[in-house]
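# Tertiary structure, described
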Amino acid sequence: MSTPVHLTPTRRPAAVLASARQRREGSRTGSPYRNPAEHALLGIQAGAGNRAATAAVQRARAGEQAGGQGSAPQNGTAPAGAQKKNYRDRIAGLLDRFKKNLDPIDTFIKGVQTPANAGFTQQAAAAANEGLKHSAAASGTSAASGNLLTEATGTVVSGMDAYKNMKDARKHETGAGHHTAGKKAKVKGTDAVIGAAGSGAYSAAIAKEVTKIQKAADAAVASEASGIASASVAALKSVRSVFRVGGAARKYRKVKELGDPHLVHAESLARLNESREHANWAAAEAFVALDAYWKQDGEGRLELIGEAVDAAWEAMGEARDAAETLQRAERDVEKLNTVQGYAKKKQLTKIGKETVGGALGESTKAAAGVVTAVAAGTAGLASNPVGWGLAGAGAGLVLGVTLYKALRAATKRYEEVRRPEVWAPQGETPAEAASRSESLKHALKFWKKVSKGERQAMAREIYALAAGPHIPGSSGTTQEMRQSGMALLIALKAGPADHKLDEDAWVASLDDPAKTEAWIKEIAEQLASG
């Protein structure tokens, strides 16, 4: 905070004032924290990918060794461990792409084909129509087979992701990278377990439909087992959604408890405004003194005028600094208000999606499975309209949430390439805007994630508010605002305890430029999760 400057008989030497000005000017310029070689390497990585960058580094090293030492030429092959990891990543990527291509078909099967099959089965049982019953069983077999393929592929992908993130968490040990990887490992591990259970349930569903087609004597037993399996998996998914709703609600409550930034920082803004006014008065007094020296006569007049000019110049600098500090604080308050509102909105949206699609939708499907199992056990293969209705209602809720999420993701992908300047990082030249047709094509690429969207932009804003003075763009943040940014991180479950760090080490990690990328990734993940 700037302090008021008053004109006093004791004047500071001009050399001191000049050095003070030099220090102020030097503090504003900043300096890059990466050398040119590191910038070049980052450019290679961004343009061609990590594998191309690695190959370029290997070629450069081979050239240096051949030219400088005349050593034996290298064959350019990567170590066996690196090749194994590369193959594993490629396989995981191909499986993930395959699974995401199956997702639209799987969504149609769960939301349309399966409930329709249940309806036809109920109608065939009521009318004793063997032909319709056979057709519905055949359609049910194909539907369960499609579900099984998608679920099994997703289980493998989730298991590989869980393993990879577990290794990353052990490698980082502490900090933002550790917490992000550890949380992903838990989530993907749970997904793998539920996926394995779901694969078993779909296998039982296939067996049930096959026994109906073959008119086997144990068809009722197969139907009962399939109903119990599907009910168990749906109940497991419903319980997981309930926990996610609870986590999102707690996070929303903690962010809300931080209060309105305009009210929280009203006192600090008032102090900064008072400091600005004092600095302006001091500058005015310095100019009045300078004007008085101009009118004086006698020996030493020029020396007094020179000292008065230095004092006026310094007072003007203090006034300018005070005004800039106040303006920066006011902008930061608005940013803090925006990011807190966004964080609360994300948690409310998550609560809504998990409640409708998970807690309600999956529990309704679980009830339908129970009804199916009871009907199969007590009345043979006789269908129950209650089970059909519950299955349709549950599938409708899950389908609605799935379509909503798909539409939102497509809209974000469209905006990402159509208007890249909206969420581009500050100081970075945005990519050239794509045409409308190209943007629509990109929006339909449902297997791609949004890399430069609103959530990533909000994560950068939160980090800029909480980061230390050594982070570019954060040196002018007031201490009060930095404390509020850190409090928001703690509310988002990115605090010292979550990162297995003491408070000093956690604060130091926020002021480490090398950890900027990990921090932004961590904040983006915490905004999306409960």
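Residues numbered from 1 in each chain as written. Predicted model: local features only at pLDDT ≥ 70, side-chain atom pairs only at ≥ 80, totals over all residues. Heavy atoms only, no water.

Here we come to the overall build of the chain. Secondary structure assignment for the chain yields 16 helices and zero strands. Evaluated residue by residue, the chain yields a buried proportion of 36% over its 530 residues. Relative to all contacts within the chain whose residues are 6 or more apart in sequence, the contacts with residues 24 or more apart total 78%. Element-wise, carbon and sulfur atoms account for 59% of the exposed surface of the chain, whose accessible area totals about 29,300 Å². (Helix = DSSP H or I, 4+ residues; strand = E, 2+ residues; numbered from the N terminus. Buried < 20%, exposed > 50% of the residue type's maximum accessible area, 1.4 Å probe, protein only. Contact = heavy atoms within 4.5 Å. Areas by Shrake-Rupley, 256 points an atom, 1.4 Å probe, with all protein chains shown as cover.)

Relative to each other, helix H13 (residues 454-466) and helix H14 (residues 479-491) sit at 130°, their axes nearing to 7 Å. One element, H13, and the other, H14, form an angle in the oblique class. Along its contact with H13, which presents Ile 462, Leu 465 and Ala 466, the element H14 presents Met 481, Arg 482, Gly 485, Met 486, Leu 488 and Leu 489. Each residue belonging to the contact of H13 with H14 can be placed in one class, and the counts come to seven nonpolar, one polar and one charged. (Axes fitted to C-alpha atoms, helices over the stretch in contact; angles between N-to-C directions. Parallel < 35°, antiparallel > 145°, perpendicular 65-115°, else oblique. Nonpolar A, V, L, I, M, F, W, Y, C, P; charged D, E, K, R; others polar.)

The subject of this paragraph is the packing of aromatic side chains. On inspection of all chains with the given rule, the structure shows two aromatic pairs. Residues Trp 506 and Trp 519 carry aromatic rings whose centres are separated by 6.2 Å and whose planes lie at 65° to one another, so their mutual orientation is edge-to-face. Placement of the pair is Trp 506 in helix H15 (residues 503-510) and Trp 519 in helix H16 (residues 516-528), with a sequence separation of 13 residues. In this structure, Trp 506 and Trp 519 share a single accessibility class: buried. (Phe/Tyr/Trp six-rings, centres within 6.5 Å; stacked < 30°, edge-to-face > 60°.)

Okay, the environment of Trp 447 next. Turning to its location among the elements, Trp 447 is positioned in the loop between helix H12 (436-443) and H13. Trp 447 gets classed as partly exposed once you look at its relative accessible area, which sits at 22%. Along the backbone, Trp 447 and Asp 96 are 351 residues apart, and their C-alpha atoms lie at a distance of 8.4 Å. Excluding residues that lie within four positions of it along the chain, Trp 447 makes contacts with Arg 97, Lys 100 and Asn 101.

Our next topic: the pattern of salt bridges. By the definition in use, this model includes 13 salt bridges. Asp 103 is paired through a salt bridge with Lys 99; the nearest N and O atoms lie 3.3 Å apart. Pair noted here: Asp 103 and Lys 99 are both in helix H4 (residues 80-127), with a separation of four residues, about one helical turn. What makes Asp 103 partly exposed here is its relative accessible area of 23%. Residue Asp 168 pairs with Lys 164 through a salt bridge whose shortest N-O separation is 3.4 Å. Note that Asp 168 and Lys 164 are positioned in helix H5 (residues 130-172) at a spacing of four residues, about one turn of the helix. Since its relative accessible area comes to 40%, Lys 164 is described here as partly exposed. (Salt bridge = Lys/Arg side-chain N within 4 Å of Asp/Glu carboxyl O.)

Now for the confidence of the model for the chain. When pLDDT is averaged along the chain, the result is 79; 79% of the residues meet or exceed 70. Counting contacts from residues 1-78, a segment whose pLDDT is below 50, to residues more than four positions away or on other chains yields 53 contacts. (pLDDT = per-residue confidence, 0-100.)

Ile 462, Leu 489, Trp 519, Ile 523 and Leu 527 are the most contacted members of the largest nonpolar core, which has 32 residues in total. Listing elements by their share of this core, those giving two or more residues are helix H9 (266-295), helix H10 (301-379), H13, H14, H15 and H16. Looking at this core element by element, the count peaks at seven residues for H10. Judged by nonpolar contacts, the second largest core, of seven residues, contains Ala 279, Ala 286, Ala 312 and Ala 315. (Core = buried A, V, L, I, M, F, W, Y, C linked by side-chain atoms within 4.5 Å.)

With that settled, consider unusual backbone geometry. A positive phi angle, near 70°, is found at Glu 173, a position not held by glycine. Secondary-structure assignment places Glu 173 in the loop between H5 and helix H6 (175-214). Phi at Lys 493 takes a positive value of approximately 65°, unusual for a residue other than glycine. Inspection of the secondary structure assignment puts Lys 493 in the loop between H14 and H15. What makes Lys 493 partly exposed here is its relative accessible area of 23%.

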